[in-house]
Amino acid sequence: MIFIVGDLGSIVLSISFTRRLQLERYLGKTEGGREQVQPRKRPLGHWRGEERRGGVVSGLGKGVTASSIGLLLKSCGLRVTSIKIDPYLNTDAGTMSPFEHGEVFVLDDGGEVDLDLGNYERFLDIKLTRDNNITTGKIYQSVLEKERKGEYLGKTVQVVPHITDAIQEWIERAAMIPVDGNEGPADVCVIELGGTIGDIESMPFIEALGQFSYRVGPGNFCLVHVSLVPVLNVVGEQKTKPTQHSVRGLRGLGLTPNILACRSTKALDDNVKEKLSQFCHVPAENVVTLYDVPNIWHIPLLLRDQKAHEAILKGLNLLGTAMEPDLTEWTARTKIYDMLQDPVKIAMVGKYVELKDSYLSVLKALLHASVHHRKKLVVEWVEASHLEDITAEEDPETSKAAWNHLKGADGILVPGGFGDRGVQGKILAAKYARESNVPFLGICLGMQIAVIEYARSVLGLHNANSAEFDPKTPNPCVIFMPEGSKTHMGGTMRLGSRRTYLKDPDCKSAKLYGDTTFVDERHRHRYEVNPDMIAELEAAGMSFVGRDESGRRMEIVELPSHPFFIGVQFHPEFKSRPGKPSALFSGLIAASCGQLDSLLNKSNHVGKAVGSGMSNGKAYYKAHQNGNHSNGLNGSLNGAHKTLEKPDPRRRGFGIEVTVHLGSSVCKDFGSSPYLSNEKCLAVSVCLPFEQLKDLNNTKAIMLAV
């Protein structure tokens, strides 16, 4: 287990003895521990995260560091999972204001969690659960429930041992949950402890981790301490005292760091590393620098170049079993990102624009899509209330600047939100996009305001509104969901992954998702479009192309007469990944830079032969015995599923069906084949004789079978 604590914070790595034996056998070790054959390289599909903790200051980037460590270990052939510990008393992040804590990230199981879990999922391409986010509220709640049931047999319930034991039990239970689509526990668990050393609310977790490290013993626990090494502008000297003091405080609490990850504006000088090594009792080779880089995709490469993986693997006794890190695909994508010049401007119209982390997943989804289309993303932040008439009267300059940003953008995005502040400005933004034929994507509330605007402007219902903003409106376009609660806020919304059925195969959304019949996306809302108004809205030209299984809950709306005007009730940004952008965000970027027709044609073509599980651009094979074909293959873009209407006659009699995933790096490796293009990433499902599986380079035979 890797535990990450930041300035006064850490990351822990741990690996179970059983998993170690399984790993050694898999990679070719003999029972005596001597290597008999070279480790076999297995497909590197998903990156796993790590754990970190803040030191003397917070906001050092522990989440990104943890994610990068996980990615690096995954590239070494290890299966990795992640846990984030938040010491606050809230049960989860669901009731927190975005200004207070940044965005609330939503998981497949409906868990409302810290945004760092979004970093873990994006870097590692995994699906975490609500149990992967531990809070003080959850721990105390579980202990008090046991006390009420009498499970402590009359004992006095105390922080030590009951709270600390509950923390350790939770960590061990969560670490065993598969998150990469494979069975069995991960090889390594990366745990990030939020906050800084010395925080009162963190003390039970520090004590629990100290007990845990003693119990599992050396070789199963590795502590990474993330600390600040500031550079004073006056003298330009890198100062080590903050790190020295934070390590001293950490050791005083019973934890000794194995690795120091030092945040600084530039790489640490050798003499600074030696000084930190001497005063913090950490080997000089275990002192790594996390200096400022153009984008966070460089962090895993920084760690690799400084041999951080070797220090971690050595601390976990895995140095002889893991492979050398393979970050070829990640490196290529990072270089593309750095070299982008042609801009695409997207106006982000929201109410929390003062804190960019409030829309972190939306920003990342836009970035993934823009890199995919080889465009440099430029986000024009527009405070929604600045577009309203009252601002034009009170502050004309601010209003003019906001409208100039909106009108100068290539595309407009209205993200989700709660409350009525800025709603009128969002409605005006949707109206401008509709009337000016500017590409528009509305998410959650963004979809709802698009419907309200259409009802007001096209249907002539000038008092149309949402019941959230005007409970007495005579024309409620958006209503409170029947199953929701009006008395309890936390965990009472429609949350998690839900299925949306696309009724029109010719709509833009279906084509973007790869000619799919349904998609699974994550939700977080308590209001929905009024189903009683659908007939009237569709008669006026609005098309609700996506609905839930009942057919009465609206999920996707489009304007067929508009170049690109889509609203969705779900949050597609939560499933976007580097190298695998969200279908709808990809559509928005493509429409904003004049590439939509090409994308729709490509999606339509690739969607007819897509498979599941593209793994960071690598190629791997998934066999199905007895020649049975899958009826739920994933689409070419995130969240999509392709239903095969009938078996392909070419597959009959072969006995094994193979799902082949071909990424850009594979296309480069197999560049001699006339059936592959270096510019395309394909995922195809075919059926081949077993003999052809032995030669992974037999690309021509595979493509001919398709």
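Higher on the page you've got the structure.
### Considerations on the packing of aromatic side chains
Counting across every chain of the model gives 12 aromatic pairs. Between Trp403 and Tyr432, the aromatic rings sit 6.4 Å apart at their centres with planes inclined by 80°, giving edge-to-face as the arrangement. Placement of the pair is Trp403 in helix 15 (residues 396–407) and Tyr432 in helix 16 (residues 423–436), with a sequence separation of 29 residues. For Tyr432, a relative accessible area of 17% translates into the label buried. Among the aromatic residues, ring-to-ring pairing joins Phe99, Tyr352, Tyr359 and Trp381 into one connected group. Positioned above the aromatic ring of Trp170, the side-chain terminus of Arg173 is 4.7 Å from the ring centre. Here Lys356 stacks its cationic end above the ring of Trp381, 5.1 Å away from the centre of that ring.

### Remarks on helix 15
In this model, helix 15 (12 residues) spans 16 Å end to end at C-alpha, consistent with the 16 Å of a helix rising 1.5 Å per residue. Taken together, the buried positions of helix 15 are occupied by Ser399, Ala402, Trp403 and Leu406. Buried residues of helix 15 fall within an arc of 95° about the axis and therefore sit on the same side. Relative to its buried face, helix 15 has exposed residues pointing more than 90 degrees away, namely Glu397 and Lys400.

### Some remarks on the pattern of salt bridges
Scanning the entire structure with this criterion turns up 28 salt bridges. The partner of Asp114 in a salt bridge is Lys84, and the shortest N-O contact between them spans 3.0 Å. With Asp114 in the loop between strand 5 (112–113) and helix 4 (116–124) and Lys84 in strand 3 (residues 80–86), the pair connects residues that are 30 residues apart, well separated along the chain. Ionic contacts of the salt-bridge type, sharing partners, join the residues Asp108, Glu121, Asp125, Lys127, Arg522, Arg577 and Lys580 into one network.

### Here's the deal with a negative patch on the surface
Together, Asp389, Glu393, Glu394, Asp395 and Glu397 make up a region of like negative charge exposed at the surface. Sorting elements by how many residues they give to the negative patch places helix 14 (residues 389–394) first, with three residues. Checked against the element boundaries, Glu397 lands in helix 15. The class of Glu397 is exposed, set by a relative accessible area of 60%.

### Some thoughts on the nonpolar core
Ile2, Ile4, Ile69, Leu73, Val188 and Leu303 are the most contacted members of the largest nonpolar core, which totals 49 residues. Here the element with the most residues in this core is helix 2 (residues 62–74); it accounts for six residues. Ile427, Ala455, Phe469 and Met554 belong to the second-largest nonpolar core, a separate cluster that totals 46 residues.

### Overview of unusual backbone geometry
Omega for the bond connecting Val160 with Pro161 falls within 30 degrees of zero, at 20°, which places this linkage in the cis form. Among the structural elements, Pro161 can be located in helix 6 (residues 159–175). Positioned with a positive phi, Asp515 is a non-glycine residue whose angle comes to about 55°. Residue position: Asp515 is located in the loop between helix 18 (508–512) and strand 18 (518–525).

### Remarks on the side chain of Thr164
Here Thr164 lies in helix 6. Judged by its relative accessible area of 0%, Thr164 is buried.

### A word on a nonpolar patch on the surface
A cluster of nonpolar side chains, namely Leu232, Val234 and Val235, defines an oily patch on the protein surface of about 320 Å² accessible area. Among the residues examined, Val234 registers a relative accessible area of 81% and is labelled exposed.

### Describing the side chain of Ser385
Position of Ser385 among the secondary structure elements: in the loop between strand 12 (376–383) and helix 14. Engagement of the side chain of Ser385 in a polar contact is seen with the side chain of Glu383, the distance being 3.2 Å. When sequence neighbours within four positions are dropped, the list of residues in contact with Ser385 reads Thr391 and Gly422.

### Side note on the packing of helix 5 (residues 136–149) against helix 6
Where helix 5 meets helix 6, the closest approach of the two axes is 10 Å, and the angle between their N-to-C directions is 115°. Comparing their axes, helix 6 and helix 5 come out roughly perpendicular. Remark: the crossing between helix 5 and helix 6 carries right-handed chirality. Seen from helix 5, the contacting residues are Lys138, Ile139, Tyr140, Ser142, Val143 and Lys146; seen from helix 6, they are Val159, His162, Ile163, Ala166, Ile167, Glu169 and Trp170. Its residues assigned to classes, the contact of helix 5 with helix 6 comprises eight nonpolar, two polar and three charged.

### Brief notes about the environment of Val293
Within the element layout of this structure, Val293 appears in the loop between strand 10 (287–291) and helix 10 (299–305). Sequence separation between Val293 and Lys266 is 27 residues, and the spatial gap between their C-alpha atoms is 9.0 Å. Among residues more than four places away in sequence, those in contact with Val293 are His298, Ile299 and Leu302.

### Some remarks on the sheet that holds strand 15 (residues 464–466)
The three strands are arranged 15-16-19 in an open sheet whose pairing can be described as mixed. At either margin of the open sheet sits one strand with a lone partner, and together these are strand 15 and strand 19 (527–529). Strand-to-strand twist of the sheet, defined as the mean angle between neighbouring strand axes without regard to direction, takes the value 25°. Sheet analysis places strand 16 (residues 475–480) next to strand 19, joined by three bridges and oriented antiparallel. Note on strand 19: the bridge partner recorded for Phe480 is Tyr527.

### Looking at the packing of helix 6 against helix 7 (residues 203–216)
As a packed pair, helix 6 and helix 7 sit with axes 9 Å apart at the nearest point and diverge in direction by 65°. Taken together, helix 6 and helix 7 sit at an angle that is classed as roughly perpendicular. Our pair here, helix 6 against helix 7, has a crossing hand that is right-handed. Contact residues: Val159, Val160, Ile163, Thr164, Asp165, Ile167, Gln168, Ile171 and Glu172 in helix 6; Pro204, Phe205, Glu207, Ala208, Leu209, Gln211, Phe212 and Arg215 in helix 7. Here the residues of the contact of helix 6 with helix 7 are counted per class, giving 10 nonpolar, three polar and four charged.

### With respect to helix 8 (residues 241–252)
For helix 8, with 12 residues, the first-to-last C-alpha span of 16 Å sits near the 16 Å given by 1.5 Å per residue. Within helix 8, the full set of buried residues consists of Thr243, Gln244, Ser246, Val247 and Leu250. Phi turns positive, to about 100°, at Gly254, one or two residues after helix 8.

Rules behind the numbers
- For every chain, the first residue of the written sequence is number 1, and numbering continues from 1 onward in sequence order.
- Local features in a predicted model are, by the rule used here, given only for residues with pLDDT of at least 70; side-chain atom pairs are given and counted only at 80 or more, and totals for whole chains, interfaces and linings are based on all residues.
- The side-chain values count all of the structure's non-hydrogen atoms but skip hydrogen atoms and water molecules.
- Pairing of aromatic side chains here covers Phe, Tyr and the six-membered ring of Trp, requires ring centres within 6.5 Å, and sorts the geometry by plane angle: under 30 degrees stacked, over 60 edge-to-face, intermediate tilted.
- The way it works is that DSSP assigns letters per residue, a run of H or I at least four long becomes a helix, a run of E at least two long becomes a strand, and they are numbered from the N terminus.
- Relative accessibility decides the category of a residue: with a 1.4 Å probe and only protein chains considered, values under 20% of the type maximum give buried, values over 50% give exposed, and everything between is partly exposed.
- Only when the NZ atom of a Lys or the CZ atom of an Arg is both within 6 Å of the ring centre and within 35 degrees of the ring normal do we say a charge sits over the ring.
- Take the number of residues in a helix, subtract one, and multiply by 1.5 Å to get its expected span.
- Here the arc refers to the set of directions running from the helix axis out to each C-beta atom.
- Any Lys or Arg side-chain nitrogen found within 4 Å of a carboxyl oxygen on Asp or Glu counts as a salt bridge.
- Patches here are clusters of residues that have more than 30% relative accessible area and form no salt bridge, with a 9 Å joining cutoff for like charges and a 5 Å cutoff for nonpolar side chains (Val, Leu, Ile, Met, Phe, Trp, Tyr).
- For accessible areas, the Shrake-Rupley method is used with a probe of radius 1.4 Å. Any residue's cover is judged against the shown protein chains and nothing else.
- Positive charges are assigned to Lys and Arg, negative charges to Asp and Glu, while His and the chain termini are left out of the count.
- By convention, the point assigned to a charge is CZ for Arg, NZ for Lys, CD for Glu and CG for Asp.
- Residues grouped as a nonpolar core are buried Ala, Val, Leu, Ile, Met, Phe, Trp, Tyr and Cys residues, joined through side-chain atoms within 4.5 Å.
- As used in this structure description, the phrase polar contact means that two N or O atoms lie within 3.5 Å; if the pair is within protein, one of them must be able to donate a hydrogen and the other to accept it, and residues adjacent in sequence are counted only when both atoms belong to side chains.
- Contacts are assigned to residue pairs that have any heavy atoms within 4.5 Å of one another.
- Inter-axis angles, ranging from 0 to 180 degrees, are taken between N-to-C directions of lines fitted to C-alpha atoms, where helices are fitted over the stretch in contact.
- Working rule for angles: under 35 degrees goes down as roughly parallel, over 145 as roughly antiparallel, 65 to 115 as roughly perpendicular, anything else as oblique.
- Left-handed describes a crossing whose near helix is turned anticlockwise from the far helix through less than a right angle; right-handed describes the clockwise counterpart.
- Note on residue classes: Ala, Val, Leu, Ile, Met, Phe, Trp, Tyr, Cys and Pro are nonpolar, Asp, Glu, Lys and Arg are charged, and everything else, Gly too, is polar.
- Only strands that DSSP links by at least two bridges are regarded as paired with each other.

These results come straight from atomic positions and should not be treated as a statement about function.
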